[in-house]
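Chains, contacts and geometry: an overview
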Amino acid sequence: MHLKNVKVERLLINYKTLEDFKQFQAYGNQEISMFEDLQNEIVENDSESPFYGIYFGNTLVARMSLYKRSKKYDHYFNPPQDYLVLWKLEVLPDYRNRGYGKKMVDFAKQYQLPIKTNPFNESNEFWEKMGFEAASYNLERDFGENPHIWMPDGVREALQPPESI
Ligand code: COA
């Protein structure tokens, strides 16, 4: 399905967005603390919203958190580089299977940086369709996670540290 006129936009940090988030299943601490910070006026100057979404009319139907992590913390890619962390991707149930999820992932890919996500197991197939692959498991790095990665041309997965004998 083609979603020509659909636009992914950066969400404003305000109470309307917080209300919109309540419709999403994975509504939780991260959003709440972000809004508490705002309320307490201790948001740092550079705290741009990490959330992006798609509106259908006035309804927020898809959202994700997307932010850049510095190369200093890169244990996934070779050569080490800045990469994007994508999480909390969710499309409201009534709007699934219409291409909104793909639209969100394509938006992230356009930056041409490698992307890491940590999907719920039941969405692995979606991520594979989006060109993501399961990162080779590294117990120390991935404990409790199920990292999936996408790499633009020229980027490879970081070599794993040798196993200790
Ligand atoms: N399992 C397997 N394939 C899936 C899938 C799933 N759960 N969800 C979508 N797909 C496929 C679609 O059939 C489509 O395939 P096609 O290109 O061959 O037609 C392709 O993936 C793109 O689908 P799209 O319509 O863009 O996906 P969506 O808008 O329904 O969004 C999710 C997909 C996973 C984001 C959505 O189902 C969702 O919000 N799920 C609950 C939360 C979740 O699991 N989030 C994942 C991050 S933790």
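Residues numbered from 1 in each chain as written. Predicted model: local features only at pLDDT ≥ 70, side-chain atom pairs only at ≥ 80, totals over all residues. Heavy atoms only, no water.

Quick notes on the overall build of the protein
- Across its full length, the protein holds five helices and nine strands.
- Secondary structure elements in the protein, listed N-terminal to C-terminal, are β-α-α-β-β-β-β-α-β-α-β-α-β-β.
- The buried share of the protein, taken over its 165 residues, is 42%.
- Across the protein, the fraction of contacts at a sequence separation of at least 24, relative to all contacts at a separation of at least 6, is 60%.
- Within the structure as shown, the protein displays about 10700 Å² of accessible surface, and the carbon and sulfur contribution to it stands at 49%. (Helix = DSSP H or I, 4+ residues; strand = E, 2+ residues; numbered from the N terminus. Buried < 20%, exposed > 50% of the residue type's maximum accessible area, 1.4 Å probe, protein only. Contact = heavy atoms within 4.5 Å. Areas by Shrake-Rupley, 256 points an atom, 1.4 Å probe, with all protein chains shown as cover.)

Regarding unusual backbone geometry
- Asn78 connects to Pro79 through a cis peptide bond whose omega is 0°.
- Tracing the sequence through the fold places Pro79 in the loop between β4 (77-78) and β5 (83-91).
- The residue Lys88 is not glycine, and still its phi comes out positive at about 60°.
- As for its placement among the helices and strands, Lys88 is situated in strand β5.
- Positive phi values are uncommon outside glycine, yet Asn97 reaches one of about 60°.
- Structurally, the position occupied by Asn97 is in the loop between β5 and α3 (100-109).

So, the confidence of the model for the protein
- Within the protein, residue pLDDT values average 87, and 88% of them lie at 70 or more.
- Within the protein, the lowest mean pLDDT, 75, falls on helix α2 (residues 29-39), and the highest, 98, falls on α3. (pLDDT = per-residue confidence, 0-100.)

Comments concerning the environment of Glu9
- Secondary-structure assignment places Glu9 in strand β1 (residues 9-10).
- When sequence neighbours within four positions are dropped, the list of residues in contact with Glu9 reads Phe51, Tyr52, Gly53 and Tyr55.

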